[in-house]
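Architecture at a glance
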Amino acid sequence: MEKPQLTKELLRYRYAHRGLHSKPHIPENSMAAFAKAAAAGFGIELDVHLTKDGRLAVIHDSSLKRTCGEDLIIEEITMKEAESFFLEESSEHIPDFEDVLDMLGGKVPLIIELKTGEKNHGMLCTRVLKALEGYEGLYCIESFNPAAVRWLRKNSPDTVRGQLAGSLKSEGAVNGFQEFLLKNLLVNIAGKPDFVAYRFENRDERAFRKYSGPKFLWTIRNPEDMKKAEALGASAIFEKFIPEKSTCR
């Protein structure tokens, strides 16, 4: 399938943000949340970090404090150590990305977010692409880090790549200059992404309104906002409710 067709097919789906979780017993980014989303036919958005021993851990934060109650950084421990901790109030553990791929077996499309650490974007991209070799399901890769998107453009041009964007300064994730570049999609100059995944609350920003390419909107938390997102031609990344059907087109 050619890249434009792949992108079009990916945009047909609605995506469960960090899996179809129901906290605290089915935690975010857990095997149980991914299995539940796949069983319902939803696409899955998930987050990937590079561990100390070069493995791929599926978890949103670098810190394990919020999800596991441990004052540790995922990039500073091994995958074996990471798998020893429980997620929230469940018996679920931090998943290995390759185990997630094995379990899903291509049943539903994936949005894989690269969570880069300091100067590790090249290695993270390399390891994720290696894990995806031979994977038969639909997937795309995205990141807030424009260096990762640019790396994919240069080293894996056939991979559907996306730039995450929107306002992040209030969360302490970026500085003012980075906020300006992301919100106004100026980072697209270097990465030339195949799609943009934009923050739903920022959808009225002029840069997003002018953007004519494929787009996702995150994070949608009710059916009314899903209708608004899809009316803008975007595919929705949702949580905290279950849509009536898994596809929007």
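The rules behind these values
In this numbering scheme, every chain counts its residues from 1 along its sequence in written order. Under the rules for a predicted model, residues below a pLDDT of 70 receive no local features and side-chain atom pairs below 80 are neither given nor counted, while totals for whole chains, interfaces and linings still include all residues. Side-chain measures here rest on the full set of heavy atoms in the structure, leaving out hydrogens and waters. Three labels apply to residues, based on accessible area from a 1.4 Å probe with only protein chains included: buried if under 20% of the type maximum, exposed if over 50%, partly exposed otherwise in between. The way it works is that DSSP assigns letters per residue, a run of H or I at least four long becomes a helix, a run of E at least two long becomes a strand, and they are numbered from the N terminus. Whether two strands pair depends on DSSP finding at least two bridges between them. Whether a crossover is right-handed depends on one test, that the path from the first strand over the helix to the second runs clockwise when the strands point away from the viewer. Axes here refer to lines fitted to C-alpha atoms; in helices the fit is confined to the stretch in contact. Angles between the N-to-C directions go from 0 to 180 degrees. Angular relationships are summarised with four words: roughly parallel below 35 degrees, roughly antiparallel beyond 145, roughly perpendicular across 65 to 115, and oblique for the angles in between. Crossing handedness is read from the near helix: turned anticlockwise from the far helix by less than a right angle, it gives a left-handed crossing, and turned clockwise, a right-handed one. Contacts between residues were defined by any pair of non-hydrogen atoms, one from each residue, lying within 4.5 Å. Residue type decides the class: Asp, Glu, Lys and Arg count as charged, Ala, Val, Leu, Ile, Met, Phe, Trp, Tyr, Cys and Pro as nonpolar, and the leftover types, Gly among them, as polar.

Across the 5 residues that make up strand E5 (residues 139–143), a large majority, 4, are buried. Here 4 bridges tie strand E4 (residues 110–114) to E5, and the two strands are oriented parallel to one another. Looking across to E5, one finds that Ile111 is bridged to Cys140. One crossover worth recording links E4 to the parallel E5 by way of helix H6 (residues 121–132), and it is right-handed. Examined bridge by bridge, E5 and strand E6 (residues 161–165) share 3 bridges and lie parallel to one another. Looking at E6, one finds that Ile141 is bridged to Arg161. Viewed along the sheet, the connection from E5 through helix H7 (residues 146–155) into E6 turns out right-handed.

Another point: the packing of helix H5 (residues 97–104) against H6. Relative to each other, H5 and H6 sit at 25 degrees, their axes nearing to 10 Å. The angle between H5 and H6 falls in the class roughly parallel. Here H5 runs over H6; the crossing is right-handed. In contact with Phe97, Glu98 and Leu101 of H5, H6 contributes Arg127, Val128, Ala131 and Leu132. Tallied by class, the residues present in the contact of H5 with H6 amount to 5 nonpolar, no polar and 2 charged.

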